[in-house]
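# Structural overview
Here's the letter readout for the chains.
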Amino acid sequence: MIEPVNLLATDLDHILACTPDLWEELRGRRVFITGATGFIGCWLLETFVWANEQFGLNATATILTRNPQKLKHRLPHLTDRGLELIVGDVRNFSFPGNKFSHIIHAATDSSAELNAQHPELMFDTIVEGTRHCLDFAARSGAAKFLLTSSGAVYGKQPPNLTRISEDFQGGPDPLEPGSAYAEGKRAAELLCVLAANQTGLEVKIARCFAFVGPYMKLDAHFAIGNFIRDQLVGAPIQVQGDGTPLRSYMYASDLMIWLWTIFLRGNSCRAYNVGSEHDISIADLARAVAGTGPRRTPVEILGKPVAGAAVMRYVPSTERARQELGLRCTISLGAAVERTLKWNRCRKAQEVVASSGATR
């Protein structure tokens, strides 16, 4: 059987080139990771395995997953690459007996549908999952713990605030059921700080904004994913609203550079915004995606702007990460979209070849 080609080799080499002195801390260490089947989780595994093999770290990773078959389907080229899988729910999984020096808690379903239809389940999964992982960190003698939080903790960004910083004291509306995801993340951050104060565990908090790249869902509530899906099939790109909201997007390889740096070098009990400062309207984003690739697809904006309405923003200030950790974005939005389109096309072709081989 021919081993599947890793379509991310160029991105992974770029990540290591930007973090050459970062990985030595993991030499011979055991790492525990939750949320491995999600967008961030897949990239964490890709980068871990790549760094482990390129630098000969002899590190090991144990992956918590509810669906090992889904993980193997999404990451077939990582099968039998030193990753140990354990099956369980993040809220109540049985603690493995091994000791772990580093724990990454990235398990959160960011489904807008789940948040809208079952907000209590969303909140419980985030809070109890974080509590359980922190208990496991204490039991296993871990030194460092990374929580992937969210820019949602700030609540609605004031329209006159161009970029939102970690010092912003706003928050989501606690009387709104739709705030379950955001309030869950706020509570998770607090649990991390309490655990650090009680046990001395170094907790690192990454407040993640919006991203684009391979492994992102193309059929969820993420506008850029929907636009890329439409571009791939040659369908008109539809903007459901008026196209005026402003967002910013970080490419997945930059996301990994930032997350691993925050995890291994960031200050404990200190939150870092993770994202791009370069804002773009949803309408302009749709046009940018439509114009990327071999064919140009039409853009349809279904809503009309309301005169005098404030423009909605979701754009971080990343000054803290830049000043304290020397982080920056290295991949432009245009290149990010192009790479994501190419990966999806190649991945589809790879799956077709694998399927045809399996049916012979």
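Above this text is the structure in question.
To continue, consider the pairing of strand β11 (residues 270–274). Of all the 5 residues making up β11, 4 are buried; the element is thus mostly covered by neighbouring parts of the structure. For strand β6 (residues 202–208) and β11, the ladder comprises 5 bridges, and the chain directions are parallel. Residue Cys208 lies in a different strand from β11, and its bridge partner there is Val274.

Within the open sheet, the 3 strands sit side by side as β12-β9-β14. Their pairing is mixed. What marks the edges here is a single partner per strand, and that holds for β12 (280–281) and β14 (313–314). Two elements, strand β9 (residues 246–247) and β14, share 2 bridges in a ladder whose sense is parallel. When the bridges of β14 are listed, Leu246 appears paired with Arg313.

Here the focus is the nonpolar core. In this structure, Phe39, Ile40, Trp43, Leu255, Met256, Trp260 and Val274 are the most contacted members of the largest nonpolar core, which totals 72 residues. When sequence neighbours within four positions are dropped, the list of residues in contact with Ile40 reads Ala106, Cys208, Leu255, Met256 and Leu259. By size, the runner-up hydrophobic cluster in this structure holds 29 residues, among which are Leu64, Leu134, Cys192 and Ala195.

Attention shifts here to the packing of aromatic side chains. Given two aromatic rings, their pairing is described by the distance between the two centres and the angle made by the two planes. Within this structure, the stated rule accounts for 14 aromatic pairs. On the numbers, 5.6 Å between centres and 25° between planes, the contact of Phe32 with Phe93 is stacked. Pair noted here: Phe32 is in strand β1 (residues 30–34) and Phe93 is in the loop between β3 (83–87) and β4 (102–105), with a separation of 61 residues, a long-range link. Note on accessibility: Phe32 and Phe93 belong to one class, buried. With a centroid separation of 5.2 Å and an interplanar angle of 45°, the aromatic rings of Phe95 and Phe136 are classed as tilted. One end of the pair, Phe95, is in the loop between β3 and β4; the other, Phe136, is in helix α5 (residues 119–140), with 41 residues separating them in the sequence. On the basis of relative accessible area, Phe95 is assigned to the partly exposed category, the value being 25%. Here Phe136 falls in the buried class, since its relative accessible area comes to 1%. Through a chain of ring-to-ring contacts, the aromatic side chains of Phe32, Phe93, Phe95, Phe100 and Phe136 assemble into a single cluster.

To continue, consider the packing of helix α2 (residues 39–54) against helix α8 (residues 252–265). The interhelical angle for the contact between α2 and α8, taken along N-to-C directions, is 75°, at an axis separation of 10 Å. With respect to α8, the axis of α2 lies roughly perpendicular. When α2 is examined against α8, the residues Phe39, Ile40, Trp43, Leu44, Thr47 and Phe48 are found in contact with a partner set consisting of Ala252, Ser253, Leu255, Met256, Leu259 and Trp260. Its residues assigned to classes, the contact of α2 with α8 comprises 10 nonpolar, 2 polar and no charged.

Let us look at the sheet that holds β6. The 7 strands lie next to each other as β3-β2-β1-β4-β5-β6-β11, forming an open sheet whose pairing is parallel. Only two strands of the sheet have a single neighbouring strand rather than two, namely β3 and β11. Taking the axes of each pair of neighbouring strands and ignoring which way they run, one obtains an average angle of 20° across the sheet. Pairing analysis gives 5 bridges linking strand β2 (residues 60–65) to β3, with the strands arranged parallel. Bridge pairing links Thr62 to Glu84 in β3.

What follows covers the pattern of salt bridges. Note on pairing: side chains with opposite charge can pair once their charged atoms come close. Tallied over the full model, the rule gives 19 salt bridges. Among the salt bridges present, the one from Arg339 reaches Asp11, with a minimum N-O distance of 2.6 Å. Highlighted residues: Arg339 in helix α11 (residues 333–358) and Asp11 in helix α1 (residues 9–18), separated in sequence by 328 residues. Residue Asp11 is classed as buried on the basis of its relative accessible area of 6%. When the shortest N-O distance is used, the salt bridge between Glu189 and Arg207 registers 2.7 Å. With Glu189 in helix α6 (residues 180–199) and Arg207 in strand β6, the pair connects residues that are 18 residues apart, well separated along the chain. There is no split in this pair, since Glu189 and Arg207 are both buried. Salt bridges sharing common partners tie together Asp89, Arg91 and Asp124.

Mapping Thr125 onto the fold places it in helix α5. Under the relative-accessibility criterion, Thr125 is labelled buried at 19%.

This part covers the packing of helix α7 (residues 223–233) against helix α9 (residues 282–290). Following both chains from N to C, one finds α7 and α9 inclined at 30°, their axes separated by 9 Å at the closest point. Looking at the two axes, α7 sits roughly parallel to α9. Like other packed secondary-structure pairs, α7 and α9 cross with a definite hand, here right-handed. Taken together, the residues of α9 that come into contact with α7 (itself represented by Ala223, Ile224, Phe227, Ile228 and Gln231) are Ile282, Leu285, Ala286, Val289 and Ala290. Taken together, the residues of the contact of α7 with α9 sort by class into 9 nonpolar, 1 polar and no charged.

So, on to the side chain of Asp254. Tracing the sequence through the fold places Asp254 in helix α8. Buried and without a salt bridge, Asp254 has Arg328 as its closest oppositely charged side chain, separated by 7.2 Å. Separated by 2.6 Å, the side chains of Asp254 and Thr330 make a polar contact. Look past the residues within four positions of Asp254 in its chain and what remains in contact with it is Arg328, Cys329, Thr330 and Ile331.

About the criteria used
- Residues numbered from 1 in each chain as written.
- Predicted model: local features only at pLDDT ≥ 70, side-chain atom pairs only at ≥ 80, totals over all residues.
- Heavy atoms only, no water.
- Buried < 20%, exposed > 50% of the residue type's maximum accessible area, 1.4 Å probe, protein only.
- Helix = DSSP H or I, 4+ residues; strand = E, 2+ residues; numbered from the N terminus.
- Pairing = 2+ DSSP bridges.
- Core = buried A, V, L, I, M, F, W, Y, C linked by side-chain atoms within 4.5 Å.
- Contact = heavy atoms within 4.5 Å.
- Phe/Tyr/Trp six-rings, centres within 6.5 Å; stacked < 30°, edge-to-face > 60°.
- Axes fitted to C-alpha atoms, helices over the stretch in contact; angles between N-to-C directions.
- Parallel < 35°, antiparallel > 145°, perpendicular 65-115°, else oblique.
- Nonpolar A, V, L, I, M, F, W, Y, C, P; charged D, E, K, R; others polar.
- Salt bridge = Lys/Arg side-chain N within 4 Å of Asp/Glu carboxyl O.
- Left-handed = near helix turned anticlockwise from the far one by under 90°.
- Lys, Arg positive; Asp, Glu negative; His and termini not counted.
- Polar contact = N/O pair within 3.5 Å; in protein donor to acceptor, adjacent residues only side chain to side chain.

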